[in-house]
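# Understanding the architecture of this molecule
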Amino acid sequence: MSDPVVEEPENSEPARPETGWRKLVGAKSGAAKPAKVVLYENSNLAQLARVFEESGAGWFWSVDELQRITYVSPYVAKKLGRDEKELLGQPFQSLFQKDAQPGELITRSLPFVLGKRGRFANLELRAATPEGDECWWSISARPISGPDDSFRGYWGNGLDVTANRRNTAESLRLTSSDTLTGLASRHKMGQRLEATLTAYRVAKRSCALMMIDLDRFKHVNDTLGHPAGDELLKQAAQRLRRVTNEKWEVGRLGGDEFQVIVPDVDDRGTLGDVAMRIIAIISQPYTIDGVRCVIGASVGVAIAPYDGLASDELTRSADLALYAAKNDGRGRYRFYSSDLHDEAEDRRQIEDDLRDALARGEISVAYQPVVDTKTNQISGFEALLRWNHPERGMVPPSIFIPVAEDANLIAPLGEWALRQACADAASWEGSARVAVNVSPIQFEREGLVSMVASALGNSGLAPDRLELEITESVFMGEGADTDATFAALKKLGVRLALDDFGTGYSSLGYLKSAPFDKIKIDQSFVCDAAEGGNRNAALIAAIVSLAEVLGMETTAEGVETLDTLELIRKLRVSHVQGYVYSRALDNDEIARRMREQDIEIKPSGPKHIRSDRKTLFRKIGVIHEDHRYEVTMRNLSKSGALIEGLIDVPMGTKFVVDFSEGQLAVATVVRSRGHSQGLRFEVPLISDGSVGLCTRHRVSPYALAAAGMPLAALPPGQYPLVNNGVDSKKGFSLPQFAQIEGDANSRRVA
Ligand code: C2E
Ligand code: CA
Ligand code: CA
């Protein structure tokens with residue numbers, strides 16, 4: 001598409017008959033009156049002009065010196081839905097839309113161009129067609145001069161270029177940048193990834209791919225409208241640029257999906273940090289048209305050549321990692337590993353089974369006591385869904401609630417839980433409260449208020465004995481609806497609790513404006529406070545002070561140890577819900593306690609726990625010289641592991657631990673007792689973004705290929721010993737450690 005060309009006015013219009021049409025019009029339009037009547041006299045040229053016009057290939061126009069239309073092809077009137085005659089004498093500009101569309105390719109305005117009284121060509125303007133019929137015309141013209149060389153107007157032609165423009169816009173979109181955010185387009189990202197991976201494969205270099213998906217974007221789009229959604233995407237894109245390196249390619253794949261190509265980085269520690277930074281910056285609040293909103297982000301990471309060699313394979317891996325990150329509860333990152341295939345399959349199965357779980361009577365509600373920290377007396381219970389799966393056994397809500405939310409099953413489940421909890425609580429003696437979780441998805445739906453009213457009505461439970469637990473994500477849209485729902489619920493007389501405070505974007509601002517009766521401080525926040533070395537204790541103190549001023553209660557969740565309980569008491573938190581008092585119990589047990597007035601619970605539990613150490617039973621390999629031993633890993637932390645299966649290993653022995661999938665860690669034996677050894681890793685493990693740990697680096701597929709394996713992404717499992725420069729002519733040494741075969745513990749490994 002070329003820019004319009006404006007030429008200087010010509011002093012004398014040459015009488016050269018370039019085209020028959022020109023000559024004809026030129027000859028007849030000396031006067032400023034409409035020329036149509038005289039235009040098509042019975043000349044052959046007039047006939048030809050008409051055929052041309054009727055073909056739709058183009059159209060003609062002429063204006064007088066005041067830019068009033070003296071002729072225009074019938075096609076134009078038809079296209080504009082106006083009467084042909086009515087157009088004559090009208091300003092030429094009236095054929096076009098007044099305002100250029102933002103971002104369109106207009107470079108100069110029509111009055112400016114016409115005012116120059118010179119030739120111009122290919123000026124693209126949007127036709128004043130009725131709404132819904134977008135049409136663009138390209139206009140060219142030359143001035144008409146009178147006998148005395150005076151300017152008498154223009155005559156010119158027009159061309160429909162709508163399709164062209166669309167194609168150009170399309171190819172622009174395809175070839176370079178995303179028009180909304182200015183980031184690279186999906187097409188460009190694809191090309192860049194393909195080119196990078198092809199070149200890097202030859203050069204044996206690595207390249208990471210990050211898939212980013214915004215959490216709750218749809219909510220903003222739905223509640224604040226698409227223009228606000230667009231604005232949010234733009235701001236999110238700018239933030240992404242800010243936290244990424246110039247050498248990385250950042251693109252938008254469409255919708256709320258973004259991608260970053262990170263060349264020459266395969267250190268998962270570094271990539272995890274980058275992913276955290278991305279999540280943190282995207283999760284900061286946005287202001288859009290004066291409205292504040294908050295979204296989140298999930299990130300999936302895959303690294304070539306480990307997780308895929310070609311771009312489609314690597315993309316699939318990163319997608320799967322993203323899917324896993326989302327399922328982990330959003331606001332997380334996750335590295336690809338081949339286990340994720342099973343995880344994804346598992347989830348599909350869970351979703352399938354969940355559809356009939358209610359009808360099959362597999363779902364129940366359990367009640368966890370909420371205890372007054374001063375008196376050790378139960379003040380109420382939180383209703384928690386339980387799913388007893390016929391094959392899997394108890395499936396925790398942390399697994400099935402997110403599935404239910406995604407699969408549109410949370411509304412019936414949530415309603416069932418609410419009605420059941422109200423009915424159960426109504427049957428208890430005394431006035432203990434019951435708290436029920438309300439998913440943000442339920443909160444957004446119409447009919448929540450009437451459903452709550454009906455559950456209260458049917459069960460006969462006093463409204464002030466029901467507490468609804470709501471997470472702060474219901475504020476994301478900050479629409480009037482949220483306020484109205486809160487007001488309507490308060491009017492019913494039920495209590496409201498802000499759940500999981502300290503996990504999302506926790507703002508004390510909500511507390512001042514929303515009518516909460518209670519703040520529940522999240523488990524992770526509480527645990528960290530007890531471990532010290534952070535500001536959580538100070539923050540909890542601040543939350544408690546504010547809550548006291550506002551007349552709200554506070555509950556610390558997930559208190560497991562006596563140490564933590566002591567701290568929580570010192571911080572004047574009014575209530576505790578945690579294993580230190582009790583786990584969730586079934587309704588019969590609660591009913592009995594209430595009947596017998598058995599409401600005081602003595603706290604009990606360990607004094608403190610090392611929370612970084614996970615107990616597990618997993619088979620791994622340890623390599624010493626050129627021997628591999630199979631051992632059982634009993635626990636694992638970032639800095640070390642406890643293994644069982646080898647006898648009498650001297651202190652200081654160096655092992656290479658094979659965690660499978662190319663994850664090797666050099667470790668030293670720092671403790672050795674009989675058949676169990678404590679290992680310390682030379683390089684600490686890092687978080688895999690979920691609950692697990694992983695090594696920063698993995699065995700490179702290039703190294704495996706050099707050792708004779710085919711070049712491919714890392715397969716699952718453990719690999720045969722790679723001969724690391726050991727001289728094979730010397731032969732292999734004898735194993736130095738005795739291994740216990742099939743010991744009791746390893747048989748427990750799944
Ligand atoms: P939540 O609302 O934060 O519920 C508290 C969770 O912490 C419960 O897990 C509870 O068993 C657990 N917990 C309590 N004390 C301790 C402790 O001392 N240590 C540890 N490690 N955990 C403790 P649960 O029952 O697995 O529920 C998980 C989540 O599932 C709940 O988190 C809630 O978000 C959701 N959920 C459960 N029932 C429902 C429901 O009926 N509707 C909705 N929408 N969500 C539900
Ligand atoms: Ca809750
Ligand atoms: Ca909670």
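This section reports on the structure supplied with the text. (Residues numbered from 1 in each chain as written. Chains lettered and ligands numbered in written order. Predicted model: local features only at pLDDT ≥ 70, side-chain atom pairs only at ≥ 80, totals over all residues. Heavy atoms only, no water.)

## Side note on the nonpolar core
Note the cut-off: In these notes, a set of buried Ala, Val, Leu, Ile, Met, Phe, Trp, Tyr and Cys residues joined through side-chain atoms within 4.5 Å is what counts as a nonpolar core. Per-residue accessibility, obtained with a 1.4 Å probe over protein chains only, is compared with the maximum for each type, and a residue is labelled buried under 20%, exposed over 50%, and partly exposed between these values. Numbering of helices and strands starts at the N terminus; helices are DSSP runs of H or I of at least 4 residues and strands are runs of E of at least 2. Contacts are assigned to residue pairs that have any heavy atoms within 4.5 Å of one another.
Counting residues in each nonpolar core, the largest one holds 77 residues, and the members touching the most others are L354, L466 and L468. Residue contributions to this core peak at 7 residues, all from helix α15 (residues 410-427). If near-sequence neighbours (up to four positions away) are discounted, L468 is found in contact with L418, V436, V438, V452, L489, V494, R495, L496 and A497. Counting residues in hydrophobic clusters, the runner-up holds 44 residues, among them L232, V262, V265 and I686.

## A few points about the packing of α15 against helix α17 (residues 448-459)
Packed helices, taken two at a time, are described by the angle between their axes plus the distance between the axes. Selection rule: In this description, a line fitted to the C-alpha atoms serves as the axis of each element, helices being fitted only across the stretch in contact, and the angle between N-to-C directions of two axes falls anywhere from 0 to 180 degrees. Any angle that falls under 35 degrees is termed roughly parallel, while one over 145 is termed roughly antiparallel, one within 65 to 115 roughly perpendicular, and all others oblique. It is the rotation of the near helix from the far one that decides the hand of a crossing: anticlockwise by less than a right angle makes it left-handed, clockwise makes it right-handed. For this scheme, ten residues count as nonpolar: Ala, Val, Leu, Ile, Met, Phe, Trp, Tyr, Cys and Pro. Four count as charged, namely Asp, Glu, Lys and Arg, and the remainder, Gly too, count as polar.
α17 packs onto α15 with a crossing angle of 30° between their chain directions and a minimal axis gap of 9 Å. The orientation of α15 relative to α17 falls into the category roughly parallel. Of the two elements, α15 crosses α17, and the hand of that crossing is right-handed. Residues E415, L418, R419, C422, A423 and A426 of α15 touch α17, and the partners they reach there are M451, V452, S454, A455, N458 and S459. Here the residues of the contact of α15 with α17 sort into 7 nonpolar, 3 polar and 2 charged.

## Structural notes on the pairing of strand β20 (residues 518-521)
Rule in force here: A pair of strands is treated as paired once DSSP finds two or more bridges between them.
Taking every second residue as pointing to the same face, both faces of β20 are buried, with K518 and K520 on one and I519 and I521 on the other. Bridge count for strand β19 (residues 495-501) against β20 is 3 bridges, and the pairing is parallel. Within β20, the residue paired with F501 across the bridge is I521.

## So, the coordination of the calcium ion (ligand 3)
Heads up, the rule is: For Na, K and Ca the donor cutoff is 3.2 Å, while for all other metals N, O and S atoms count as donors only within 2.8 Å; water does not appear among the atoms, so some sites may look incomplete.
Taken together, D499 (OD), D500 (OD), E557 (OE) and E557 (OE) make up the protein donors of the calcium ion (ligand 3), found 2.2 to 2.5 Å from the metal. If you list the donors of the calcium ion (ligand 3) from N- to C-terminus, the spacing comes out as D-D-x56-E. Between the calcium ion (ligand 3) and the calcium ion (ligand 2) the interatomic distance amounts to 3.7 Å, and D499 serves as a bridging ligand to the pair. What makes D499 buried here is its relative accessible area of 5%. By relative accessible area, D500 is classed as partly exposed at 24%.

## Quick word on the site of ligand 1
Rules: Working definition: residue near molecule or strand if any one of its non-hydrogen atoms lies within 4 Å of it. Two N or O atoms count as a polar contact when they lie within 3.5 Å, although within protein this holds only if one can serve as hydrogen donor and the other as acceptor, and sequence-adjacent residues are included solely when both atoms are side-chain atoms. For the area figures, the Shrake-Rupley method with a 1.4 Å probe applies, and any residue is considered shielded solely by the protein chains shown.
Taken together, 19 residues are adjacent to ligand 1, and Q368, R386, Q523, E560 and Y579 come closest. A distance of 3.1 Å separates an oxygen atom of ligand 1 from a polar side-chain atom of E382. Contact distances for ligand 1 include 3.4 Å between an oxygen atom and a backbone N or O atom of V559. Burial of ligand 1 by the protein amounts to 83% of the accessible area it has alone, namely 800 Å². Where the shell around ligand 1 is concerned, the elements lending two or more residues are β15 (378-389), α14 (397-406) and β19. Of the residues forming the shell around ligand 1, the biggest block, 4 residues, is contributed by β15. Grouping the amino acids of the shell around ligand 1 by side-chain chemistry returns 7 nonpolar, 6 polar and 6 charged.

## Focus on the coordination of the calcium ion (ligand 2)
Coordination of the calcium ion (ligand 2) by the protein is provided by E382 (OE), N437 (OD1), E469 (OE) and D499 (OD), with metal-donor distances spanning 2.1 to 2.3 Å. Donor residues for the calcium ion (ligand 2), ordered by position in the chain, follow E-x54-N-x31-E-x29-D.

## Observations regarding the packing of aromatic side chains
This is how the line gets drawn: Aromatic pairs are defined between Phe, Tyr and Trp rings, using the six-membered ring for Trp, whenever the two ring centres lie within 6.5 Å; interplanar angles under 30 degrees are classed as stacked, those over 60 as edge-to-face, and all others as tilted.
Under the defined criterion, the tally for this structure stands at 18 aromatic pairs. With 5.6 Å between their ring centres and 70° between their planes, F120 and Y154 make a pair best called edge-to-face. Within this pair, whereas F120 is found in strand β4 (residues 120-126), its partner Y154 is found in strand β6 (residues 151-160), the two being separated by 34 residues in sequence. For the pair F120 and Y154, one class covers both residues: buried. Ring geometry for F486 against F516: centres 5.6 Å apart, planes inclined by 80°, an arrangement best described as edge-to-face. One end of the pair, F486, is in helix α18 (residues 480-492); the other, F516, is in the loop between α19 (508-513) and β20, and 30 residues separate them in sequence. For the pair formed by F486 and F516, the shared burial category is buried. Here a set of aromatic residues connected by ring pairs shows up, and it is made of W59, W61, Y75, F92, F96, F120, W137, F151 and Y154.

## Quick look at the side chain of D522
Selection criterion: Counted as positive: Lys and Arg. Counted as negative: Asp and Glu. His and the chain ends are not counted at all. For salt bridges, the criterion is a side-chain nitrogen of Lys or Arg within 4 Å of an Asp or Glu carboxyl oxygen.
Inspection of the secondary structure assignment puts D522 in the loop between β20 and α20 (523-531). One buried charged side chain, D522, makes no salt bridge at all; its nearest oppositely charged neighbour is R332, positioned 8.6 Å away. Side-chain polar atoms of D522 contact the side chain of S524, separated by 2.8 Å. Residues within four places of D522 in sequence aside, it is in contact with D500, F501, T503 and E557.

## Remarks on helix α23 (residues 587-595)
Rules: Regarding the arc, it is the one traced by the directions from the helix axis to the C-beta atoms.
Among the residues of α23, those classed as buried are N587, I590, A591, R593 and M594. The buried residues of α23 occupy one face: seen down the axis, they fall within an arc of 165°. Where α23 is buried, its residues meet β14 (363-372), β15 and α15. One or two residues past the end of α23 sits Q597, with phi positive at roughly 60°.

Purely geometric numbers; function is a separate question.
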